[in-house]
Amino acid sequence: MHEILLNIESKETRFAYLKHGQLHDLIVDRKKSRQITGNIYRGRVTNTLLNIQSAFVDINEGENGFIHISDILENTKKFEEMFDMDFELDYDISKMGAKPKPKDITQLLKTDQAVLVQVVKEPIGTKGARLTSNISIAGRYLVLLPNNPHRGVSRKIEDKNSRDRLKQLIRSFEMPQDMGLICRTASAQATPDMLIDEATDLLHNWQAIVEKFNQATGPTLLFEESDLIKRAVTLCVDKKYDRLLIDDYATFQRCKHIYQKYANEHPLKIEFYRDKTPMFERFNVEREIDRAVKRKIWLGSGGYLFFDRTEAMYTIDVNSGRSSLNVNGSDVEETLVRINLEAAEEIARQLRIRNVGGLIICDFIDMRSRKNQRRVLEKLKECMKEDSAKCTILGMSEFGLVEMTRQRSRESLTQTMFTSCPYCSGSGLVKSHESVSVEIERALKKLIHCQNHYGLKLATHPELNRYLDSGDKDFYSRLAIVANAQIEYATNDQLHLNEFLFYSTLNGQKIDI
């Protein structure tokens, strides 16, 4: 059974996709930091950076957006990658008046210039949104390319007859020659009338965007992508899911209203969740979310995964853990392969739930046989096919390492739910008491011998003070007596565990070390 759960709260909406009762995908949408990918804006160029051929654009969404010269010039290859399709050109591109491409971004953009841009990547942390001027307006079946004349069909439509039918159909559409169309995967099931109606709607949307752009005087939002609620309904219809379960009555009614348009395409059950037990608890989604924010994930075989994030990449380490390994060499190899196969499946699932993006390194348990390495790699590739984010997986090295990339479209689950710890500054580490004790000794010597302070009071956190009671205070006192100085001790529970302060006993002033 395939179903989607929608949990509606005052500050967030959560989307959970369950496959046979197990969580397979999760989206957490906060109202304060709503998703803006796909939105179209009238922006204002704030400055251009010649050295990296880029510009910053104010779109009135907090941090300025970022646009590279490759996202300003027509880029057919990027469209093909973005929508997983090949363009069918029904004209000879060499006969078209090809304009020389500018080599300098300052030839295209000037400071304070008004520009029409679209967000292709969410702002993450302190980084602003990634922008493009190659606009695409997506419908359910079609994507309109207002600035690109190419027309094509998604690669995911594999049936040759369907592809030929769609190619012929979109070539026959009456629309401006400088505009293009892409047939999405769902268009294979659509009738010609449905496609024509959607193409008309998309053209009207584009005309409205142009009118708003001309009327606006500053950075503003011109077109907003469908919200999570509408996307959930259309996804259920497109993927032929069995049920959509919602725990908010107003949202339930809205989903029913949206579904009326697609009711003839798929018999979807839209239900209102009425139980007192919270819906995500009832279906074990809360437990899976708690599991997904931990570093260590146990596998059914007794092995486990370790997830670690660095500045440059995400690393996943596969370990045998409590798995029982037989003495026989071939049995050991097969046991390790089973753990790696299970790990590959869980890694693909966790990447979707955690929404991990960027460069990812998977360190599988070493296997001697190249055949077994290929089995594990193929399993990982097969499981990653379910991912809506674009993924690229390279081969497995002799050390069992697999390099892969996953498209980063929005903040990860950890970035959405957590903020850096103010106590350890996000490192997850504090100095040991022994390390701080050594620092106190150095500071004490410096204050007595270099700054000539002979009446001192040391203030520390109560936990650190208890550690110093085990003998370090006696040592500090002897150190002070030898130098004809005196030292007193005090505690302050407002101090950081690694922090200590020295005061003068003569005037009570804090001493800077």
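See above for the structure.
Parameters at a glance
Residues numbered from 1 in each chain as written. Predicted model: local features only at pLDDT ≥ 70, side-chain atom pairs only at ≥ 80, totals over all residues. Heavy atoms only, no water. Helix = DSSP H or I, 4+ residues; strand = E, 2+ residues; numbered from the N terminus. Rg over C-alpha atoms; globule rule 2.2 N^0.38 Å. Buried < 20%, exposed > 50% of the residue type's maximum accessible area, 1.4 Å probe, protein only. Contact = heavy atoms within 4.5 Å. Pairing = 2+ DSSP bridges. Axes fitted to C-alpha atoms, helices over the stretch in contact; angles between N-to-C directions. Core = buried A, V, L, I, M, F, W, Y, C linked by side-chain atoms within 4.5 Å. Parallel < 35°, antiparallel > 145°, perpendicular 65-115°, else oblique. Left-handed = near helix turned anticlockwise from the far one by under 90°. Nonpolar A, V, L, I, M, F, W, Y, C, P; charged D, E, K, R; others polar.

Trainee: Help me get a handle on the overall build of the protein, residues and values and all.
Mentor: Of regular secondary structure, the protein possesses 13 helices and 26 strands. Compactness check: the protein gives a C-alpha radius of gyration of 30 Å against a globular reference of 24 Å for 513 residues, more than 25% above the reference. C-alpha atoms of the protein, sized along the principal axes, occupy 100 × 70 × 55 Å. The buried share of the protein, taken over its 513 residues, is 44%. Considering only residue pairs separated by 6 or more positions, the protein has 67% of its internal contacts joining residues 24 or more positions apart.

Trainee: Can you break down the sheet that holds strand β17 (residues 296-298) residue by residue, with the values?
Mentor: One open sheet holds the six strands; their spatial order is β17-β18-β19-β20-β22-β21, and the pairing between them is mixed. The open sheet has two edge strands, β17 and β21 (391-396), and neither has a second partner. When the angles between neighbouring strand axes are averaged without regard to direction, this sheet yields 20°. One ladder, built from four bridges, connects β21 with strand β22 (residues 401-406); its direction is antiparallel. What sits directly across from T392, in β22, is T405. Helix α9 (residues 370-384) rests against β21 and β22 of the sheet, and its axis sits at about 175° to β21.

Trainee: Can you break down unusual backbone geometry residue by residue, with the values?
Mentor: Even without being glycine, Q53 reaches a positive phi, approximately 50°. Inspection of the secondary structure assignment puts Q53 in the loop between β4 (40-49) and β5 (54-58).

Trainee: If you had to explain the nonpolar core to someone new, which residues and values would you point to?
Mentor: Counting residues in hydrophobic clusters, the biggest one holds 31 residues, and the most contacted among them are L305, I347, F364 and L380. Listed by contribution, the elements that provide at least two residues to this core are β18 (304-309), β19 (314-319), α8 (329-354), β20 (358-363), α9, β21 and β22. Residue contributions to this core peak at nine residues, all from α8. If we skip the residues at most four places from it in the chain, I347 touches L305, I316, V318, C362, F364 and L380.

Trainee: Tell me about the environment of D512, and name the residues and values.
Mentor: Summarising the element assignment, D512 is placed in the segment after β26 (510-511). The spacing of D512 and L447 is 65 residues in sequence and 9.1 Å in space, taken between C-alpha atoms. Setting aside anything within four residues of it in sequence, one finds D512 in contact with L447 and Q451.

Trainee: Account for the sheet that holds strand β24 (residues 486-491), with residues named and values stated.
Mentor: Read across the sheet, four strands follow the order β24-β23-β25-β26 without closing on themselves; strand pairing throughout is mixed. Looking at strand neighbours, the two that pair on one side only are β24 and β26, the edges of this open sheet. Bridge analysis of strand β23 (residues 455-460) against strand β25 (residues 500-504) gives five bridges, and the strand direction is antiparallel. Its bridge partner being in β25, T460 is matched across the sheet by F500.

Trainee: Outline the pairing of β20, listing residues and values.
Mentor: With four bridges connecting them, β19 and β20 associate as parallel partners. Within β20, the position partnered with D317 by the bridge is D363. Pairing geometry for β20 and β22, over six bridges, is antiparallel. Pairing of I361 across the sheet is with E403, part of β22.

Trainee: Tell me about the packing of helix α11 (residues 433-449) against helix α13 (residues 472-482), residues and numbers included.
Mentor: The geometry of α11 relative to α13 is characterised by a closest axis approach of 11 Å and an angle of 15° between their N-to-C directions. By the angle class used here, α11 and α13 are roughly parallel. Crossing hand, α11 versus α13: right-handed. Of the residues in α13, those touching α11 at S437, I440, E441, L444, K445 and I448 are D472, F475, Y476, L479 and A480. By residue class, the composition of the contact of α11 with α13 is seven nonpolar, one polar and three charged.

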